[in-house]
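# Secondary and tertiary structure notes
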Amino acid sequence: MSDSNRFTDPRTHRYTIATPTRENPVLVVCPKCEEQAYVLPDPKKSERSAKLVCHKCGYSDRSDGSIQVYKWHDNPADSYFECDLWLQTNCLGYTLWAFSEKHLTLLEEYIEAGLRERTKDPEIGWRNASIFSRLPKWMTSSSNRNEVRKGLQKLRDRL
C-alpha cells in the first residue's frame, strides 16, 4: 500500500486541537453578527486565556482562561466562549464539525486513508486520548466514507 493512502495517528490530543494558536485559530460563529469570527490566544492576559475577534462587525471579547473541554458532543462549541463552531454541518443525521482548518485537514487525511494506523508511544505506551481514537463509529465506518467526505467538503467550502 502506498504511503499516500496511509494515515498514522500523530497522537494529537483533544485539548491540543481545541486550543487556538496564532497560526491556527478556532473558527466560531460571531455572537453579534453570526459571521465567521476567530478565537485566538491572548498572551497579554495569561498563558491560557483567549480573545474572540470578528473582523466583520468588530465584536471582541476576552476570556479569563477557564476552558470547557468536554462539552463538544452535544453542541460543538469553542472551549473558551462556548460559541458555536463555524465549521459544522449535518452529516448522516449527526453533526460533523472541526475547530479549525488544521483540525479539518487532519480529519480529511484520516477519512481518505485506506490504512489507518496507531503507534505505541515509547514512553507512555498505548493511550486513548488522541482525537482519532475518539471519533464516533458513524464517522470511521467505511460504509459511510463517501457521505463523510461530502460533509468534510462542505466544511472546507466554508473556509
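In what follows, the structure referred to is the one given above.
Residues numbered from 1 in each chain as written. Predicted model: local features only at pLDDT ≥ 70, side-chain atom pairs only at ≥ 80, totals over all residues. Heavy atoms only, no water.

## Details of helix H4 (residues 145–157)
Compared with the 18 Å implied by 1.5 Å per residue over 13 residues, the 18 Å span of H4 between its first and last C-alpha is a close match. When we look at burial in H4, the residues that qualify are Arg-145, Val-148, Gly-151, Leu-152 and Leu-155. Looking straight down H4, one finds that the buried residues subtend no more than 125° of arc, so they occupy a single side. Residues of H4 that are exposed and point over 90 degrees away from its buried face: Lys-150 and Asp-157. In this structure, the buried side of H4 is in contact with strand E6 (87–91), strand E7 (94–98), helix H2 (101–112), strand E8 (115–117) and helix H3 (137–140). (Helix = DSSP H or I, 4+ residues; strand = E, 2+ residues; numbered from the N terminus. Expected span 1.5 Å × (residues − 1). Buried < 20%, exposed > 50% of the residue type's maximum accessible area, 1.4 Å probe, protein only. Arc of directions from axis to C-beta. Contact = heavy atoms within 4.5 Å.)

## Topic: unusual backbone geometry
Backbone geometry places Arg-11, a non-glycine residue, at a positive phi of 60°. In this structure, Arg-11 sits in the loop between strand E1 (6–8) and helix H1 (14–18). Despite not being glycine, Glu-34 shows a phi value in the positive range, around 65°. The residue Glu-34 is located in the loop between strand E2 (26–29) and strand E3 (36–41) in this model.

## As for the packing of aromatic side chains
Applying the stated criterion across every chain, the model contains five aromatic pairs. On the numbers, 4.8 Å between centres and 5° between planes, the contact of Tyr-94 with Trp-138 is stacked. Taken together, the residues span a long stretch of sequence, with Tyr-94 in strand E7 and Trp-138 in helix H3 at a distance of 44 residues. Assessed through its relative accessible area of 11%, Trp-138 is described here as buried. Relative to Phe-132, the ring of Tyr-110 has its centre 5.0 Å away and its plane inclined at 20°; by these criteria the two rings are stacked. Here Tyr-110, found in helix H2, pairs with Phe-132, found in the loop between E8 and H3; they are 22 residues apart in sequence, far enough to count as distant. Comparing Tyr-110 with Phe-132, the two get one shared label, buried. Members of the aromatic cluster, each reached through a chain of ring pairs, are Phe-7, Tyr-110 and Phe-132. (Phe/Tyr/Trp six-rings, centres within 6.5 Å; stacked < 30°, edge-to-face > 60°.)

## Brief notes about the state of the cysteines
One covalent bond between the sulfur atoms of two cysteine residues makes up a disulfide. Tallied over the entire structure, the rule returns zero disulfides. The thiol of Cys-54 is unpaired, and the distance to the nearest cysteine sulfur, on Cys-33, comes to 3.6 Å. (Disulfide = S-S within 2.5 Å.)

## As for H2
Over its twelve residues, H2 extends 16 Å from the first C-alpha to the last, a length consistent with the 16 Å expected when each residue adds 1.5 Å. Those residues of H2 that fall on the buried side of the exposure criterion are His-103, Leu-104, Leu-106, Leu-107, Glu-108, Tyr-110 and Ile-111. Those residues of H2 hidden inside the fold are in contact with E1, H1, E7, E8, H3 and H4.

Distances and angles like these do not, on their own, reveal function.
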